[in-house]
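For reference, the chains in residue letters:
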Amino acid sequence: MSLSPGTGNRPRSRAAAGLPAITAERIVDAALKLTAERGLDSWTLRQLAGAVDAYPAVVYHHVGDRDAVVNAVIDRVVGELTLPGDMLPWRTWFAALLAELRAVLRRYPGSARRLALFGPSVSAATRTIDAGIRVLMTAGFGEESALAYNLLLANACQFVAMEDERDGDLELGSSLTEEYATYRDRGDLPGMAAHGRAMHELVSDPDKASAYFARLYDYAVERCLDGLAYRLTQLETGGRN
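All of these numbers come straight from a predicted model, not from anything done at the bench.

Each value, and the rule that gives it
Residues numbered from 1 in each chain as written. Predicted model: local features only at pLDDT ≥ 70, side-chain atom pairs only at ≥ 80, totals over all residues. Heavy atoms only, no water. Helix = DSSP H or I, 4+ residues; strand = E, 2+ residues; numbered from the N terminus. Expected span 1.5 Å × (residues − 1). Buried < 20%, exposed > 50% of the residue type's maximum accessible area, 1.4 Å probe, protein only. Contact = heavy atoms within 4.5 Å. Axes fitted to C-alpha atoms, helices over the stretch in contact; angles between N-to-C directions. Parallel < 35°, antiparallel > 145°, perpendicular 65-115°, else oblique. Nonpolar A, V, L, I, M, F, W, Y, C, P; charged D, E, K, R; others polar. Salt bridge = Lys/Arg side-chain N within 4 Å of Asp/Glu carboxyl O. pLDDT = per-residue confidence, 0-100. Core = buried A, V, L, I, M, F, W, Y, C linked by side-chain atoms within 4.5 Å.

Section: helix H8 (residues 145-167)
Okay, step 1: Look at H8: 34 Å from first C-alpha to last across 23 residues, which is about the 33 Å you get at 1.5 Å a residue.
Okay, step 2: Of all the residues in H8, the buried ones are Ser-145, Ala-148, Tyr-149, Leu-152, Leu-153, Asn-155, Ala-156, Cys-157, Val-160, Ala-161, Glu-163 and Asp-164.
Okay, step 3: On its buried face, H8 sits against helix H5 (90-106), helix H6 (111-118), helix H7 (122-139) and helix H12 (212-236).

What about the packing of helix H4 (residues 66-79) against H6?
Okay, step 1: Packing of H4 against H6 leaves a shortest axis separation of 11 Å and a crossing angle of 100°. Taken together, the axis directions place H4 and H6 in an arrangement best described as roughly perpendicular. When H4 is examined against H6, the residues Asp-67, Val-70, Asn-71, Ile-74, Val-77 and Val-78 are found in contact with a partner set consisting of Ser-111, Arg-114 and Leu-115.
Okay, step 2: Each residue belonging to the contact of H4 with H6 can be placed in one class, and the counts come to five nonpolar, two polar and two charged.

Section: the pattern of salt bridges
Okay, step 1: Counted according to the given criterion, the structure contains 14 salt bridges.
Okay, step 2: In this structure, the salt-bridge partner of Arg-91 is Asp-226, at a minimum N-O distance of 2.6 Å. Residue Arg-91 is located in helix H5, and its partner Asp-226 is located in helix H12; the two are separated by 135 residues in the primary sequence.
Okay, step 3: The exposure class assigned to Arg-91 is partly exposed, which follows from its relative accessible area of 24%.
Okay, step 4: Put simply, Asp-130 and Arg-134 hold a salt bridge, and the shortest N to O gap is 2.9 Å. Of the two residues, Asp-130 and Arg-134 are both situated in helix H7; the distance of four residues between them amounts to about one turn of the helix.
Okay, step 5: Exposure remark for Arg-134: the relative accessible area of 42% places this residue in the partly exposed category.

A word on H12
At 3.6 residues per turn, the α-helix brings residues three or four places apart onto the same side.
Okay, step 1: Helix length check: H12 (25 residues) gives 36 Å between terminal C-alpha atoms against 36 Å at 1.5 Å per residue, within 8%.
Okay, step 2: Listed in full, the buried residues belonging to H12 are Phe-213, Tyr-217, Ala-220, Val-221, Cys-224, Leu-225, Leu-228, Arg-231 and Leu-232.
Okay, step 3: Looking at the packing, one finds that the buried side of H12 touches H5, H7 and H8.
Okay, step 4: Directly beyond the C-terminal end of H12, a positive phi value near 75° is found at Gly-238.

Let's talk about unusual backbone geometry
Okay, step 1: Its identity as a non-glycine residue notwithstanding, Asp-53 has a phi of 55°, on the positive side.
Okay, step 2: Looking at the element boundaries, Asp-53 is found in the loop between helix H2 (45-51) and helix H3 (56-62).

Comments concerning the side chain of Arg-102
Okay, step 1: If you trace the backbone, Arg-102 turns up in helix H5.
Okay, step 2: Arg-102 gets classed as buried once you look at its relative accessible area, which sits at 19%.
Okay, step 3: Residues contacting Arg-102, with those up to four places away along its chain left out, are Val-160, Glu-163, Phe-213, Ala-214 and Tyr-217.

A closer look at the confidence of the model for the chain
Okay, step 1: For the chain, per-residue confidence averages 89 on the pLDDT scale, and 89% of positions sit at 70 or higher.
Okay, step 2: Mean pLDDT values for the elements of the chain range from 75 in helix H9 (residues 170-181) up to 98 in H5.
Okay, step 3: Every residue in residues 1-8 is under pLDDT 50, and counting partners more than four places away or in other chains gives 18 contacts.

Quick notes on the nonpolar core
Okay, step 1: Within the largest apolar cluster, 51 residues are counted, with the highest numbers of intra-cluster contacts made by Leu-48, Trp-90, Phe-94 and Leu-101.
Okay, step 2: For this core, the secondary structure elements donating two or more residues are helix H1 (24-38), H2, H4, H5, H6, H7, H8 and H12.
Okay, step 3: Those residues in contact with Leu-48, other than ones at most four positions away along the chain, are Ile-27, Ala-30, Ala-31, Leu-34, Trp-43, Val-59 and Val-69.

So this is what it looks like as structure tokens:
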């Protein structure tokens, strides 16, 4: 809080100091910005209070403790998702949704891990859950629609969370990649040699290295969709679990 000149430590009102009023929305706006800059787990309530030029008690009064602020941030992140059109086939719909999901989550490091563990609030999740499960029900997944939806979303969030975590220790990731690459010519270990050749490509080509996790994410999504497509054929023909 700003101080009035010539009055020692006596605080001035925010209006008199020319500062905007503190609201829950402004606090969550600032928390979202800190999350984009530092990651969800790398800012404190005191730093958030400083970002809105207030005391931590003011943040607590308007939103709650740090966990409450984090929940509000996650709800905002989920709110940024743009849902695909209703008329798309189920597989195309989810491919589009999950591509959008990665783009949004990568803007806010740490949000994917939080979503994978706890999900958003019911109010924030309702729009996406209802649309996604309706798409699967229409496709013919029946009572398995909720399980299929949760499989796809949890898998996607976990892969983005892994990518976020790796960003936190690029040096370790790079050194391990280089070590694996040394196995590329090991005829006695053909599996390790194949992995080593893949890692050698990353070491040798920065563009491939930078795109690796995006490719891995897309591969994981497509293989999950493949599995569900196969499961759908079983359901359509009366196949068992």
